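Summary of the model geometry
Chain residues, written in single-letter form:
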Amino acid sequence: MEEKSIDKKILGYARVSSYEQNEDRQVIALKEMGVPEKQIYVDRQSGRDFDRPQYRRMLRKLDENCVLFVKSIDRLGRNYADLNDQWRKITKEKGADIVVIDMPILDTRRERNLLGTFISDIVLALLSFVAENERVNIRQRQAEGIAAAKARGVKFGRPSLPLPDNFDEVHKQWREKKITLKQAARACGLAESTFFDKVKELEKR
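Rules and cut-offs
Residues numbered from 1 in each chain as written. Predicted model: local features only at pLDDT ≥ 70, side-chain atom pairs only at ≥ 80, totals over all residues. Heavy atoms only, no water. Core = buried A, V, L, I, M, F, W, Y, C linked by side-chain atoms within 4.5 Å. Buried < 20%, exposed > 50% of the residue type's maximum accessible area, 1.4 Å probe, protein only. Helix = DSSP H or I, 4+ residues; strand = E, 2+ residues; numbered from the N terminus. Contact = heavy atoms within 4.5 Å. Expected span 1.5 Å × (residues − 1). Pairing = 2+ DSSP bridges. Axes fitted to C-alpha atoms, helices over the stretch in contact; angles between N-to-C directions. Patch = residues over 30% accessible without salt bridge, like charges linked within 9 Å, V, L, I, M, F, W, Y side chains within 5 Å. Areas by Shrake-Rupley, 256 points an atom, 1.4 Å probe, with all protein chains shown as cover. Salt bridge = Lys/Arg side-chain N within 4 Å of Asp/Glu carboxyl O. Lys, Arg positive; Asp, Glu negative; His and termini not counted. Charge placed at Lys NZ, Arg CZ, Asp CG, Glu CD.

1. A few points about the nonpolar core
Counting 22 residues, the largest nonpolar core has Leu 62 and Leu 76 as the members making the most contacts within it. Elements that contribute at least two residues to this core include exactly strand S1 (9-16), helix H2 (53-61), strand S3 (66-70), helix H3 (73-76), helix H4 (80-93), strand S4 (97-100) and helix H5 (114-151). If near-sequence neighbours (up to four positions away) are discounted, Leu 76 is found in contact with Tyr 13, Phe 50, Arg 52, Tyr 55, Val 70, Leu 83 and Trp 87. In terms of nonpolar packing, the next biggest core, distinct from the first, is built from eleven residues, Ile 40, Val 42, Val 67 and Phe 69 among them.

Written as structure tokens, this is what we have:
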């Protein structure tokens, strides 16, 4: 554990992407670094931006007498540009220190001089860019994979339900205006929108 100045107020921030995920691992790591439980702020939402209630509450508490601990840099945020902006806001405007537990080089308490700050900023920018670039590449690979699968005739979504046995007869009656759309759908045991979609598919073929 890094030695911490006794006159510094210690805060921690944790984030999970949804209520189904568990933040215990992050909270335990923060406590091991000496962060009091009452000073740990937890958000349960995506890291695509910084419009998060607990993050904003934590931000208001920060000043030059604070040290903020996070388990990993992506718990703070996942957007390259916004992450860099918030890092500078915390360290430059607020004057607080940041410690990224999983990346010891991202500890602004070290080398409190121009070189130390420069190194932290460069490492952060590099890590953020790599993470953002990987997310872009993943989305591109997914899109290319879907396009290739569609070209091979792979169908996506739920499989189409088979037509009821009386569909052809009901379809004919509906087209001849002997029954309404609502009556036709009910006779086939389908929702009106589903019946209409099935008619369009059938007539298209």
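Let's pick the thread back up.
2. Regarding the environment of Phe 50
As for its placement among the helices and strands, Phe 50 is situated in the loop between strand S2 (40-44) and H2. Apart from the residues lying within four places of it in its own chain, the contact partners of Phe 50 are Tyr 55, Arg 56, Leu 76, Gly 77, Asp 82, Leu 83 and Gln 86.

3. So, H4
Spanning 14 residues, H4 covers 19 Å between terminal C-alpha atoms, matching the ideal 20 Å at 1.5 Å per step. Residue Gly 95 follows H4 closely and has a positive phi angle near 75°.

4. Some thoughts on the sheet that holds S1
Strand order in the open sheet formed by four strands is S2-S1-S3-S4, and the pairing between neighbours is parallel. Whereas interior strands pair on both sides, the edge strands pair on one side only; in this sheet they are S2 and S4. Put simply, the sheet's adjacent strands are angled 20° from each other on average, direction ignored. Of the pairings in the sheet, the one linking S1 to S2 comprises five bridges and is parallel in character. Note on S2: the bridge partner recorded for Ala 14 is Val 42. Most of the contacts of H2 go to S2, to which it runs at about 155°, and overall it touches S1, S2 and S3.

5. So, a positive patch on the surface
Taken together, the side chains of Lys 9, Lys 38, Arg 57, Arg 60 and Lys 61 define a basic patch exposed on the protein surface. Per-element accounting of the positive patch gives the leading share, three residues, to H2. As for its placement among the helices and strands, Lys 9 is situated in strand S1. Relative accessible area serves as the criterion here: at 37%, Lys 9 is assigned to the partly exposed category.

Coordinates in, geometry out; function isn't part of it.
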